[in-house]
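Single-letter residue listing:
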Amino acid sequence: MRVLGVFCILLAHIATARAQEDVIPLDPELRVIVEPFHVLRNGAYVQGQIRLRILLLSPHPFETLHFQQPMLDGATVVTLSPPRTRAITHYSKPGFGYETTLAVFPERSGTLTIPDITITGETVSAEGGSESFSTHGDATEIPVHPIDPSFADKWWLVANEIQIEEQWTPAPDTVVAGGVVERRVVMTVDGARLAQLPPLTQSEGDGYAVVGETGQQSMELTKLGVVSRVERAWQLRMLSDNVVKVSPILVDYWDPGANQAAVATLPGKRIEPLARDVAAAAEGLIEEAASTHRGRQLGALLLMAIPVLVLVGLLLSLVFCMWPTRADRTLVRACRSADSPSDGFAAALDWARATYPKSGGVPLATARANLGARGAAALTRMQSALFSRTAPTADMDLDAREIVRAARRARLRSFVRRIAAWLSGAVQARPLEPRARSARRA
């Protein structure tokens, strides 16, 4: 009952202090509030969190504000909540607040000075006029204690509270000797940054070994302070079917509120592995060997299929090169039904333009250069039949077929040359670098 009474008195004191903090003044007033309360009473500790609440209250809305975050020597400052303006009401009296909250972590012992903070600006009165103001909070000195000599652990950690939870997968009572069980641990630390946390480790013991570890970590900024979260998962292999005792996890830290050392404990685990199923283990080994053999067979088949696929690709490419194009078929149809040399030569000119589109303004000259002697002669006969009076009459259908055959042979020759150049480039030695050539000459 006495403890309950003291607790109620503390809650009433905190509520009264909070209510007084939000009392709306007659003029803009700056209040610099240091939290938690025991910091001003007993001082802070190196790396311990101090919350600095900067609150500007005014009965009128703000038009302009000029505020610069204080620079603290010998401390790391983290912004918990960025500056913002909000409307507030205190005992039915409306007002406005401009507030930001900082987390301060002293880096050395001695005296931490919160400097004089000044905010200037203008408010808008009820009549619509602007009123200038300037308000400041007095400097505050906070004693910072060094590492307490009674703290036994080698890793100094100051935290308001540490919670550790765990999860086992699969359930420990279903683990078979030789099997693996995962222990996933989540540690939540209130009032400390990730850089201040000790490593979360799982030691090995008799009857089990740590065969894998994964983890992640995160840090959350709340209005009440920094909250760090570390998650680790260890894979534990049971080495025998005897009773195994997994070691506990202990994290020592300093509780600044209680002004004493504390420890967050995750108890150990007693596991009785089930006996091995010899027949199931043998079947598993056989299945694993068969799966490995099937994988090797599949790999060998894939290696054998590569040259076959390359050969099939080459054959298909050869067939594609030999196959008449749309321009070839159009030329043969047009010359078969041509009524005059002009119709046949026009079809040949259209074919040259479609077959060699990048030849510029001389498609016929490009065609003659690529078709060889017989194809070029067929083009010449078609042209002479139209423009020469002494030239014999040309067989447009026969000449068109000769042009198409020559074009297919030309495409085949070009493809073979490209393949030969690619193969020779693959086996050809790389040229020496300039440095290597100069060294070789020397």
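Look up: the structure comes first, before these words.
Described below are features of the structure shown in this document. From a predicted model like this one, the values you see are computed outputs, not experimental measurements.

Cut-offs applied
- Residues numbered from 1 in each chain as written.
- Predicted model: local features only at pLDDT ≥ 70, side-chain atom pairs only at ≥ 80, totals over all residues.
- Heavy atoms only, no water.
- Salt bridge = Lys/Arg side-chain N within 4 Å of Asp/Glu carboxyl O.
- Helix = DSSP H or I, 4+ residues; strand = E, 2+ residues; numbered from the N terminus.
- Buried < 20%, exposed > 50% of the residue type's maximum accessible area, 1.4 Å probe, protein only.
- Core = buried A, V, L, I, M, F, W, Y, C linked by side-chain atoms within 4.5 Å.
- Contact = heavy atoms within 4.5 Å.
- Phe/Tyr/Trp six-rings, centres within 6.5 Å; stacked < 30°, edge-to-face > 60°.
- Lys NZ or Arg CZ within 6 Å of the ring centre and 35° of its normal.
- Expected span 1.5 Å × (residues − 1).
- Bend = angle between axes of the 7 residues up to and from the residue.
- Patch = residues over 30% accessible without salt bridge, like charges linked within 9 Å, V, L, I, M, F, W, Y side chains within 5 Å.
- Areas by Shrake-Rupley, 256 points an atom, 1.4 Å probe, with all protein chains shown as cover.
- Pairing = 2+ DSSP bridges.
- Axes fitted to C-alpha atoms, helices over the stretch in contact; angles between N-to-C directions.

It is worth spelling out the pattern of salt bridges at this point. Pairing is possible between side chains of opposite charge, provided their charged atoms come close. A full pass over the atoms with the stated rule returns 20 salt bridges. Taking the shortest distance from any N to any O, the salt bridge between Glu99 and Arg53 comes out at 2.6 Å. Linking Glu99 in strand S6 (residues 93-106) with Arg53 in strand S3 (residues 50-58), this pair joins segments that are 46 residues apart in sequence. The exposure class assigned to Glu99 is buried, which follows from its relative accessible area of 4%. Judged by relative accessible area, which is 6%, Arg53 ranks as buried.

The residue after Glu35, namely Pro36, is reached through a cis peptide bond having omega -10 degrees. Counting through the fold element by element, Pro36 comes out in the loop between strand S1 (29-35) and helix H2 (37-42). The residue after Thr169, namely Pro170, is reached through a cis peptide bond having omega -10 degrees. Examined against the element boundaries, Pro170 turns out to sit in the loop between strand S11 (161-169) and strand S12 (180-190). You will see that Gln47, though not glycine, has its phi angle at about 70 degrees, which is positive. Note that Gln47 resides in the loop between strand S2 (44-45) and S3. Taking the relative accessible area as the measure of exposure, Gln47 reaches 28% and is therefore partly exposed.

Let us look at the nonpolar core. If you look at soluble globular proteins, the nonpolar side chains tend to sit buried side by side. Within the largest apolar cluster, 27 residues are counted, with the highest numbers of intra-cluster contacts made by Ile50, Leu52, Leu56, Val104, Ile142 and Trp156. Of all the elements in the fold, those that place two or more residues in this core are S1, S2, S3, S6, strand S7 (110-114), strand S8 (117-124) and strand S10 (140-145). With four residues, the top contributor of residues to this core is S3. Among all residues touching Leu52, those that are not within four sequence positions of it are Val32, Ile33, Val34, Thr100, Thr101, Leu102, Val104 and Ile114. With 26 residues, the next largest nonpolar core counts Leu200, Val230, Ile249 and Tyr253 among its residues.

Overall, the coordinates contain nine aromatic pairs when judged by the stated rule. Arranged with centres 6.2 Å apart and planes meeting at 90 degrees, the rings of Trp351 and Tyr356 form a pair that is edge-to-face. Residue Trp351 shares its accessibility class with Tyr356, and that shared class is buried. Here the aromatic residues Tyr45, Phe151, Trp156 and Trp254 are joined through ring pairs into a cluster of three or more. In this structure, Arg193 packs its charged tip against the face of Phe105, placed 4.9 Å from the ring centre.

As a further point, take helix H6 (residues 363-387). Here H6 spans only 18 Å end to end across 25 residues, well under the 36 Å set by a 1.5 Å rise per residue. Of all the bends in H6, the largest measures some 140 degrees and sits at Gly372. If you check which residues of H6 are buried, you get Pro363, Leu364, Ala367, Leu371, Gly375, Ala376, Ala378, Leu379, Met382 and Ala385.

Moving on, we come to a nonpolar patch on the surface. There is a patch of nonpolar side chains on the surface, built from Leu303, Ile306, Val310, Leu311, Leu314 and Leu315 and spanning about 560 Å² of accessible area. Its location among the elements puts Leu311 in helix H3 (residues 278-322).

This paragraph deals with the sheet that holds S6. Pairing is antiparallel in the open sheet, where four strands are placed in the order S1-S3-S6-S5. Each end of this open sheet is capped by a strand with a single partner; those strands are S1 and strand S5 (75-90). Taking the axes of each pair of neighbouring strands and ignoring which way they run, one obtains an average angle of 15 degrees across the sheet. Where S3 meets S6, nine bridges bridge the pair, whose relative direction is antiparallel. Note that in S6 the partner of Arg53 across the bridge is Thr101.

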